[in-house]
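Breakdown of the fold
Listed here are the chains, written in short residue letters.
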Amino acid sequence: MRLFDHYRQTPPSASGRTRHDLTLSLAGAAISGMLATSVAVRRVRPPRGGADTLALVVERRRVVARDQDVIELTLVSPGGGPLPRWYPGAHLDVHLPSGLVRQYSLCGDPASTGHYRIAVRRIPGGGGGSVEIHDALAEGATVHTHGPRNAFPLTVPGYGSPARRLRFIAGGIGITPILPMLDLARDRGVDWSMIYTGRTRDSLPFVEEVEAFGAAVEVRTDDRFGLPSADELLGDCPDGTAVYACGPAPMLTSIRAALADRDDVELHFERFAAAPVVDGRPFRATVASSGETVGVSAEETLLGALQRAGVHAPYSCQQGFCGTCRTKVLAGEVDHRDTLLTEPERAAGMMLTCVSRAAGESGLTLDL
């Protein structure tokens, strides 16, 4: 199995290499149709819209799951002008009126420059972004973004990929980055198939739109058939298949395990949550403004510990991708586990609290 784990960090190259450098960052920016340099993409911006952001107006809200938990937002330029182009797999960093920043996959037509389409599942116990969108973001409201970014690019067989066929696997809201991929695969005449899973049919967003693709798609719900096995998710997966999967962590874990011994299958998947902490050691972090010391266990992130202790710390993706949680370290050595910060930034004492940790036993003092 050739593994490509896309969790909304800088995209790998089309050939699958995962080295992250300026050249690859620029290539990723070009693929996603962004009109900005790689350095601008990587730089942390203010949480509210500024001079370097693109304003978007909510033109339409529409419920797209029968259980009412998923809404579609159609976003347009305030003046009705064209928007930057994008490629299947791209997402937007959406700056909400409250100051929260959240990432949502673009799930409309990449050829359309007149509007963007995203879908948001309501998560009552989450960080508040989805609840704000569902309860407070009305038609006519304005949000901001820096344009599309692509951390989950589709490489089409015959157009840059050595694979001969595609298998798409979507779980629930994981359909959003997959939908534009289906259109592209069909338009290019690629051999492809898909399975779309979820708790119930009522919980599946865009289910009628997915079924319109015909016999290539199987819709399978847990209430009728039980939880799907990895073999059921993968279906007929001969050598030369590239698998693109997006959904809950247990589903992705089972797929990875099933393909562990397959040498001629590519697995590309996008996670909406960070991977568990690996090889972590407990440490303590001191908040400089209050003198409060917070214990961080071996299994939790520094950001998670700060939130548990009631310390206000900015964040968005929680995966080391967006840079919103960038914080200056006043004392202590950092175990950097992100691919975003540059060496000069690290040398200046910056860290990302969502993924990075203390490297030494003395802990960290944070400029919070």
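Refer to the preceding data block for the structure.
Residues numbered from 1 in each chain as written. Predicted model: local features only at pLDDT ≥ 70, side-chain atom pairs only at ≥ 80, totals over all residues. Heavy atoms only, no water.

1. Notes on the overall build of the protein chain
Helix and strand content of the protein chain: 10 helices and 20 strands. Burial analysis of the protein chain (368 residues in total) assigns 51% to the buried set. Long-range contacts, defined as pairs at least 24 residues apart, comprise 66% of the intrachain contacts of the protein chain with a sequence gap of at least 6. (Helix = DSSP H or I, 4+ residues; strand = E, 2+ residues; numbered from the N terminus. Buried < 20%, exposed > 50% of the residue type's maximum accessible area, 1.4 Å probe, protein only. Contact = heavy atoms within 4.5 Å.)

2. Details of the nonpolar core
Of all hydrophobic cores here, the largest spans 32 residues; its most connected members are L166, F168, I175, I178, W192, M194 and Y244. Of all the elements in the fold, those that place two or more residues in this core are β9 (165-171), α4 (175-187), β10 (191-198), α5 (207-211) and β12 (241-246). No other element matches α4, which puts seven residues into this core. Excluding anything up to four places from it in sequence, L166 contacts L154, T155, P157, A185, V190, D191, W192, S193, A242 and Y244. (Core = buried A, V, L, I, M, F, W, Y, C linked by side-chain atoms within 4.5 Å.)

3. So, the sheet that holds strand β20 (residues 364-366)
Spatial ordering of the open sheet is given by β15-β14-β20-β16-β18, a layout of five strands whose pairing is mixed. Across the chains shown, the open sheet's two edge strands, defined by having one partner strand only, are β15 (293-296) and β18 (350-352). Each adjacent strand pair in this sheet contributes to an overall mean axis angle of 40°, direction not counted. Of the pairings in the sheet, the one linking strand β14 (residues 283-287) to β20 comprises three bridges and is parallel in character. Within β20, the residue paired with V287 across the bridge is L366. (Pairing = 2+ DSSP bridges. Axes fitted to C-alpha atoms, helices over the stretch in contact; angles between N-to-C directions.)

4. A word on helix α3 (residues 129-136)
Each full turn of the α-helix corresponds to 3.6 residues, which orients residues three or four apart in the same direction. Here α3 has its buried residues at G129, S130, E132, I133 and H134. Structurally, α3 contributes buried residues whose contacts are with β2 (54-63), β3 (70-76), β5 (101-105) and β6 (116-121).

5. As for the pairing of β2
Sheet faces and side chains relate simply in a regular strand, where the side chains alternate between the two faces. Where β2 and strand β7 (residues 142-145) come together, four bridges link them in antiparallel fashion. Within β7, the position partnered with A55 by the bridge is H144. Taken together, the six bridges between β2 and β3 define a ladder with antiparallel strand orientation. Residue pairing across strands places V58 opposite L75, the latter belonging to β3.

6. Section: the packing of aromatic side chains
Inspection of the entire model under this criterion finds four aromatic pairs. A ring pair is formed by W192 and F213, whose centres lie 5.9 Å apart and whose planes are at 85°; its orientation type is edge-to-face. Here F213 lies in the loop between α5 and β11 (217-221) and W192 lies in strand β10, a separation of 21 residues in the sequence. The two residues W192 and F213 agree in class, both being buried. Three or more aromatic residues joined by ring pairs make a cluster, and in this case those are F152, F168, W192, F213 and Y244. Sitting above the plane of the Y159 ring, R188 keeps its charged end 5.4 Å from the centroid. (Phe/Tyr/Trp six-rings, centres within 6.5 Å; stacked < 30°, edge-to-face > 60°. Lys NZ or Arg CZ within 6 Å of the ring centre and 35° of its normal.)

7. Remarks on helix α8 (residues 249-258)
Among all positions in α8, only M251, L252 and I255 are buried. Buried residues of α8, viewed axially, fall in a sector of 95°; they line one side. Facing away from the buried side of α8 by over 90 degrees, the exposed positions are A249, P250, T253 and A257. Summarising the contacts, the buried residues of α8 are in contact with β9, β10, α7 (230-234), β12 and β13 (265-270). (Arc of directions from axis to C-beta.)

8. Here we look at the pairing of β10
Judged by how many residues are buried, β10 sits mostly within the fold: seven of eight residues are covered. Sheet topology note: the β9/β10 ladder contains seven bridges and is parallel. What sits directly across from R165, in β10, is D191. As a crossover connection, the stretch from β9 through α4 into β10 is right-handed. Where β10 lies against β11, five bridges are found, and the strand directions are parallel. Bridging across to β11, G198 finds its partner in T221. (Right-handed = clockwise from strand over helix to strand, strands pointing away.)

Nothing here speaks to function; it is geometry throughout.
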